[in-house]
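So you can see what is in the structure, the chains are spelled out below.
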Amino acid sequence: PGIELVLGIPAGPVGFVRRLLQGPLRDVRSLWPGTRVMCRSVPFPALTSCLLERQVDLLWTAAPVRHAAVASVPLPFTCSRIGLVNLEHELADARSMAVEDFAALPVLYNPTIPDEWMSVFYLGAVRPRSEARLVRAEPRDMAAVGRASVRRRTVVVAPEIFAGAMASHLRPVRLLGAPPIVFH
């Protein structure tokens, strides 16, 4: 009999991430034959509770989960950050810009997400939260992030690997000098 593991994907494009993780998932199945890995989308507000309530066995995320009952381990997997702007934004034709300049723009902020995770997406490593131009929104998934960005005329920060999974009304802007995202 095999083992069934449920892998949580934050607010996610589950199919896209499953394709992205094909190699590591194949390695798991070869090390433990008969293992089945199920991917499940986890709404942003449930990033910690999904583990505590055993809705998922593992959570693949862009920052560590900070809770005494959770072991969060950095993976040997990093990627660049990109900015996302809507088609009507003044930066829609920009290919790249300095991360400090991008960080000065109004950016979506979801207060229902633990700050250790949210700071990755409001560029907390570039300047303190108190200096950020945060625009409150409470999207539960990536599609809602794109819609909220358009409605509130803000920018969004995302892992570069998700550029292909973003809505067609968002354009990527390469963020020069942005620290990489370390996945956990």
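Use the structure listed above.
Criteria and thresholds
Along each chain, numbering runs from 1 in the same order as the chain's sequence is written. Residues qualify for local features only when their pLDDT is at least 70, as the model is predicted, and side-chain atom pairs are given and counted only at 80 or more; totals for whole chains, interfaces and linings, by contrast, use all residues. In computing side-chain values, all of the structure's heavy atoms are included and hydrogens and water are not. Two strands pair under a simple rule: DSSP has to find at least two bridges between them. Strands are runs of DSSP state E lasting at least two residues, helices are runs of H or I lasting at least four, and both sets are numbered from the N terminus onward. Throughout, an axis means a line fitted to C-alpha atoms (over the contacting stretch in the case of helices), and angles, computed between N-to-C directions, take values from 0 to 180 degrees. Criterion for a salt bridge: a side-chain nitrogen of Lys or Arg within 4 Å of a carboxyl oxygen of Asp or Glu. To sort residues, take the accessible area from a 1.4 Å probe on protein chains only and compare it with the maximum for the residue type: under 20% means buried, over 50% means exposed, and anything in between is partly exposed. The nonpolar core is taken to be a set of buried Ala, Val, Leu, Ile, Met, Phe, Trp, Tyr and Cys residues, with the residues joined through side-chain atoms within 4.5 Å. The definition of a polar contact used here is a pair of N or O atoms within 3.5 Å, where within protein one atom must be able to donate a hydrogen and the other to accept one, and adjacent residues in sequence count solely through side-chain atom pairs.

I keep staring at the sheet that holds strand β1 (residues 4-10) and nothing clicks. Help me out?
Sheet strands line up and pair through hydrogen bonds in the backbone, either parallel or antiparallel. Strand order in the open sheet made by the three strands is β2-β1-β3, with parallel pairing throughout. Strands with a single pairing partner mark the edges of an open sheet, and in this sheet they are β2 (36-42) and β3 (58-59). Two elements, β1 and β2, share seven bridges in a ladder whose sense is parallel. Its bridge partner lying in β2, leucine 5 is registered against valine 37.

Sorry if this is basic, but what is going on with the sheet that holds strand β5 (residues 81-86) here?
Spatial strand order, β6-β10-β5-β9: four strands in an open sheet with mixed pairing. Edge strands, defined here as strands with exactly one partner in the open sheet, are β6 (96-98) and β9 (156-159). Direction aside, neighbouring strands of the sheet carry axes that sit 40 degrees apart on average. Relative to strand β10 (residues 170-176), β6 runs parallel, the two sharing three bridges. Looking across to β10, one finds that alanine 98 is bridged to leucine 176.

When you look at the pattern of salt bridges in this model, what are you seeing that I'm missing?
A side chain of one charge can pair with a side chain of the opposite charge if their charged atoms are brought near each other. This structure, assessed with the given rule, holds three salt bridges. Across the pair arginine 36 and glutamate 4 runs a salt bridge, and its minimum N-O distance is 3.8 Å. You can see arginine 36 sitting in strand β2 and its partner glutamate 4 sitting in strand β1, a full 32 residues away along the chain. On the basis of relative accessible area, glutamate 4 is assigned to the partly exposed category, the value being 47%.

What is the right way to look at the nonpolar core in this model?
If you look at soluble globular proteins, the nonpolar side chains tend to sit buried side by side. Counting 58 residues, the largest nonpolar core has Trp60, Phe102 and Trp117 as the members making the most contacts within it. For this core, the element with the most residues is helix α5 (residues 115-121), which contributes four residues.

Looking at this structure, I do not really get helix α6 (residues 142-152). What am I missing?
Side chains of residues three or four places apart in an α-helix project in the same direction, reflecting 3.6 residues per turn. Residues of α6 that are buried include every one of Ala144, Val145, Gly146, Ala148 and Ser149, and no others. Its side-chain oxygen placed 2.8 Å from the backbone nitrogen of alanine 144, aspartate 141 serves as the N-cap of α6. Backbone geometry just after α6 places arginine 153 at a positive phi near 55 degrees.

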